[in-house]
Amino acid sequence: MLSIVMAPFLPGFRGKFNRFLSDVQLLQYLIVFFGLFNLSLCLYEDQVGKFDWRQNYVGKIKFASFDTVSAAKKIIVATEENVVAALNLKSGQILWRRVLEQGCAGRVRIMGGVADGDLVTVSGGVPAIVRAWDLASGHIRNEWTLAEQNPERIEDVMWHIKYGTLHHILPIYHSGVEVTSYDSKTGEKLKTRKVSAPFINEDTMCVLAAPYLACLNGADSLARLFIVHLFDPNAQLQSVTINTIFGAGEQGPYKLELVPGDEPVVSVSADNGQKKRVLNIGDESIPIRNDISGETALYVITAEEGKTLLQTAYKNGAIDIAAVDLLSFSPVPNLSVGLSHNSVQAPTIVASACLRQPKGTGCRHLLSSDDHSIALVQNGRLAWVREEALANIVAVEIMELPMSEREQAIETEFDQKERDVVSMMIRRICSQANQLRTLLQAVMGFAPPQSNQRADLVRDEFGLHKMIVAVTSPGKIYGIESKRGEIIWQLSVKNVQGFSKTSGKMILYPQRGSRHFPHPPQCALLAADKETGDGVIYTFNPMTGQPLGELTKLGYKVKQSMLLHVATDDFLRPVLVLDTTDVVHVFPETAKATVASVAKNVYLFTADPDIGLLSGFSLSYSTPENLVSHKVWEMMLSTRTQQITDVISKSTIERVHSQGRVLGDRSVLYKYINPNLVAVVTQGVGSTHKNTLNLYLLDVVSGAMVFSVVHKRVRGPFHVVHSENWLVYSYFSEKSRRTEIATLELYEGKTQSNTTAFSSLTTSVVPIVERQAFIFPASIEYLRETITEKGITSKHIMVALAHGGILELPWMLVDPRRPINPEVREEGVIPYMPEIPIQMDAIVNYNQSIARVSGILTSPSGLESTCLVFVHGLDLFYTRVAPSKTFDVLKEDFDYYLIAIVLLALTISSYVTKKLASRKAQKQAWK
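For clarity, every value in this text was computed on a predicted model and none was experimentally measured.

Overall, antiparallel pairing links the four strands, which are arranged E2-E3-E4-E5 in an open sheet. Among the strands making up the open sheet, the edge pair consists of strand E2 (61–67) and strand E5 (94–99). Averaged over neighbouring strand pairs, the angle between their axes works out to 15° when direction is ignored. Sheet topology places strand E4 (residues 83–88) next to E5; five bridges connect them, and they run antiparallel. Within the sheet, the bridge partner assigned to alanine 85 lies in E5 and is arginine 97.

Spatially, E22-E23-E24-E25 is the arrangement adopted by the four strands of the open sheet, whose pairing is antiparallel. Edge positions in the sheet fall to strand E22 (297–303) and strand E25 (337–340), since each has one partner strand and no second. The sheet shows a mean angle of 20° between the axes of neighbouring strands, direction not considered. Note that E22 and strand E23 (residues 306–315) share seven bridges and pair antiparallel. Each bridged residue has a counterpart across the sheet, and for alanine 297 the counterpart in E23 is threonine 312.

We now examine the environment of serine 597. With respect to the helices, strands and loops of the structure, serine 597 is situated in helix H6 (residues 592–598). The class for serine 597 is exposed, based on a relative accessible area of 51%. In this structure the C-alpha to C-alpha distance between serine 597 and asparagine 754, which are 157 residues apart in sequence, comes to 25 Å. At a separation of 2.6 Å, a polar atom in the side chain of serine 597 contacts the main-chain carbonyl oxygen of threonine 594.

Quick look at the state of the cysteines now. Enumeration according to the criterion identifies two disulfides in this entry. Here cysteine 206 pairs with cysteine 215 through a disulfide, and the sulfurs are 2.2 Å apart. With the S-S dihedral at roughly 110°, the linkage between cysteine 206 and cysteine 215 falls on the right-handed side. Residue classification places cysteine 215 among the buried positions, given a relative accessible area of 0%. Note on cysteine connectivity: cysteine 354 is disulfide-linked to cysteine 363, with sulfurs 2.0 Å apart. Its S-S torsion of approximately 105° makes the covalent link between cysteine 354 and cysteine 363 right-handed. Of the two residues, cysteine 354 and cysteine 363, neither departs from the other in class, the shared state being buried.

The subject of this paragraph is the pattern of salt bridges. A full pass over the atoms with the stated rule returns 32 salt bridges. Between lysine 307 and glutamate 263 there is a salt bridge, with the nearest N and O atoms lying 3.5 Å from each other. With lysine 307 in strand E23 and glutamate 263 in the loop between strand E18 (255–259) and strand E19 (265–270), this pair connects stretches of sequence that are 44 residues apart. Notably, a salt bridge pairs glutamate 481 with arginine 484, separated by 3.7 Å at the nearest N-O pair. For arginine 484, a relative accessible area of 44% gives the class partly exposed. Each of Arg661, Glu745, Glu770, Asp815, Arg817 and Glu826 takes part in salt bridges that share partners, so that together they form one network.

Our focus in this paragraph is a positive patch on the surface. Taken together, the side chains of Lys914, Lys915, Arg919, Lys920, Lys923 and Lys927 define a basic patch exposed on the protein surface. Relative to the elements of secondary structure, lysine 920 occurs in helix H7 (residues 896–926).

Moving on, we get to H7. For H7, built from 31 residues, the straight-helix expectation of 45 Å at 1.5 Å per residue is met to within 8% by its first-to-last C-alpha distance of 45 Å. The N-cap of H7, judged by a side-chain oxygen 3.4 Å from the amide nitrogen of tyrosine 897 a few residues on, is aspartate 895.

Looking at where glycine 504 falls in the secondary structure, it is placed in the loop between strand E34 (496–497) and strand E35 (507–512). A sequence separation of 258 residues divides glycine 504 from threonine 762, and the C-alpha atoms of the two residues are 38 Å apart. Discounting residues that sit within four places of it in the chain, glycine 504 has contacts with Val394 and Gly498.

On the surface, Leu890, Phe894, Tyr896, Leu898, Ile899, Val902, Leu903 and Leu906 cluster together into a nonpolar patch covering about 750 Å² of accessible area. Among the secondary structure elements, valine 902 is positioned in helix H7. When its relative accessible area of 37% is taken as the criterion, valine 902 is described as partly exposed.

Calculation notes
Residues numbered from 1 in each chain as written. Predicted model: local features only at pLDDT ≥ 70, side-chain atom pairs only at ≥ 80, totals over all residues. Heavy atoms only, no water. Pairing = 2+ DSSP bridges. Helix = DSSP H or I, 4+ residues; strand = E, 2+ residues; numbered from the N terminus. Axes fitted to C-alpha atoms, helices over the stretch in contact; angles between N-to-C directions. Buried < 20%, exposed > 50% of the residue type's maximum accessible area, 1.4 Å probe, protein only. Polar contact = N/O pair within 3.5 Å; in protein donor to acceptor, adjacent residues only side chain to side chain. Disulfide = S-S within 2.5 Å. Salt bridge = Lys/Arg side-chain N within 4 Å of Asp/Glu carboxyl O. Patch = residues over 30% accessible without salt bridge, like charges linked within 9 Å, V, L, I, M, F, W, Y side chains within 5 Å. Areas by Shrake-Rupley, 256 points an atom, 1.4 Å probe, with all protein chains shown as cover. Lys, Arg positive; Asp, Glu negative; His and termini not counted. Charge placed at Lys NZ, Arg CZ, Asp CG, Glu CD. Expected span 1.5 Å × (residues − 1). Contact = heavy atoms within 4.5 Å.

Next comes the structure, spelled out in structure tokens:
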């Protein structure tokens, strides 16, 4: 009976119930969907590039060619940094870039085939790697290897690419030339032929001017130039005597060079390169052209005017490209170019193309200068310039920007030495009147008075905006502002080089900052002279790039140098230089009085990797003008078993905030903080003929060996960070075939030996060494610790990864006190795990990969929480990190309106409550 009564209502009830279930299911989906937002970490699009920037480079040009075949016109280049790239023809921007292997394995030996629509490169040595590239995208189409039959003569091998065929050319002494041809795409061997050339020997100088091989045999007046056609079996051997080229009056040594371009042309120079003559070896008569200055760069092009020789000369800041007919040597005015630009100095043409235009023939010239810059000259005008020297930075500093002109006026007002009340009052009134005038001009919209200082190049409130001073290997110095990466100034220092031929490192000393107005900031560059190898010092203003003096030649070779911690009366910190005869020099010489006051407390140390000698010196004055050094200690490391690879000291601007570490039982474990401690890294071969890594901790004042450790069956690259009382270093374990990170931490114990100042001469404490090793799942290119102004913020390790990421690694992950037993608990210490994970959100450069990192510079800012990071290598990257989060500044998304409304509401409510309370109290008093 009940079912009969409910039957009419069941269809409606079921529909409502199904809709209810679908709504519940939809609600569940929405809850899960919105819950996923808490599980994701991301970077908003508007945050990209807000606090960081990246600049990409390719390096010094080695080969270049204009791509006139593809629809999008571009320039294909191969560089000394083992890079193959395509540049936009209009702007010079990188369209695509491929970074090859490092060292000899990736060195590009030849690039060709662009004119035929196929880009082919040969790189490496044994074996050579041949790659065919897609011109539009830069992807590899084909790749094959070529085993060298004579690996000891790899430097004598020459290559030629034409019409899809790769020719391998090897001169054979006292016999001839072996030419082997391959299909450049598949690697199929096509044929091999030998060309007779019995005149070739070990002293013969040969260049390939395809399809000819030109060889200069002999160095005196009997020298002869031989010309061999490599691909025509019926061609006859040609030869010209050196007297026919120059006459009987010119003296050697003679030098044979290829003139790049579209025709087989060579040049022969005499009188140490002062005179040069051009020979068109493609002509049967081998015409010899007039004398050309040895400093003139040559290039041959083919235009409608005929075969043209371009002569590029640089003089007094002007570039002159003179065009002459290759056959008659008569001028071609419509192809000649003259221009002036500060960034392009002593250029050479590396690629050129001429096209017929309505107004005549128009040419494009790609220039590469001695300072590694690249410039495109189009129709007689400079189209764009790329500063490729920044791909090879050898020294860098981050400097504070100067004060604004208003702050300088205030400093000038309070810097007056007079104590006259009237004059002080007059100066104050004038200063405030000037400030009032500036305010009124700003309010009423009048133009402010002209100023020599850029409005955006002043010190900000938190010290985040700074000037990056970078020194490059060709001797060019750049001033880069840190906010956007803009190059503010640049200057070139002629004929300087690094002290080491392998690393090419120069030393940049910030002698005076921008805090000491009206004294200008000053930096000193210490380098070596290219011709003599003696030391040179160059001083300049790091804010404007203006030289503060001429290049000072020291007249001796530099063994060691040091920037003193004390300053003169004009706030200039002197530089001490130790020469190879152990004589100490002071720069500038006017600072000798300042040095004399602290000389007895100054010590120097040297490390000679060639003989494995470590030495320490103390300083004293034998006479009021003569500063001498005394050898205090000496240590010899046998070079038969090990070689010194690096010496790492602590940062001179580092500050240690905490002297100890609180343990679980509330006792204090005091840090062993020795400011004179350096780490000496050596690499060698052990008794079992296995690679070893030796690390020595050496006190360079007393010469005491504090600690040493040996790692067997490991190899480089080695990277070390030395800070406070700890070290972090990485190496590659040959036994486990993986990258490992080892850490050392030094403690004095639970009692501190000296609570005032540390002395290496009186201390006898043997530190307690905590050490641990970890597995790192990636290859490491560089390590650097973060640094802050007071040292309160936690330390993080900036790790440059081989794949291009910059990892911010917390110190707690590599803490050697991480307990193996998880039951052991200590504040701030997590249990030990052998693997260090790489968190993707800890990659500070997110998806902006940095290729071939060669250095990381960290600098403190005005905020204790923030550290500035500058990464340089093939690319440049700048950012700022906060290891302990931004505890001293509000977040970007802080809701100012909400907090203002809340404060206003609280203020009003408190006032109203006060009134109500007083009224209530008054009523109760009348009762």
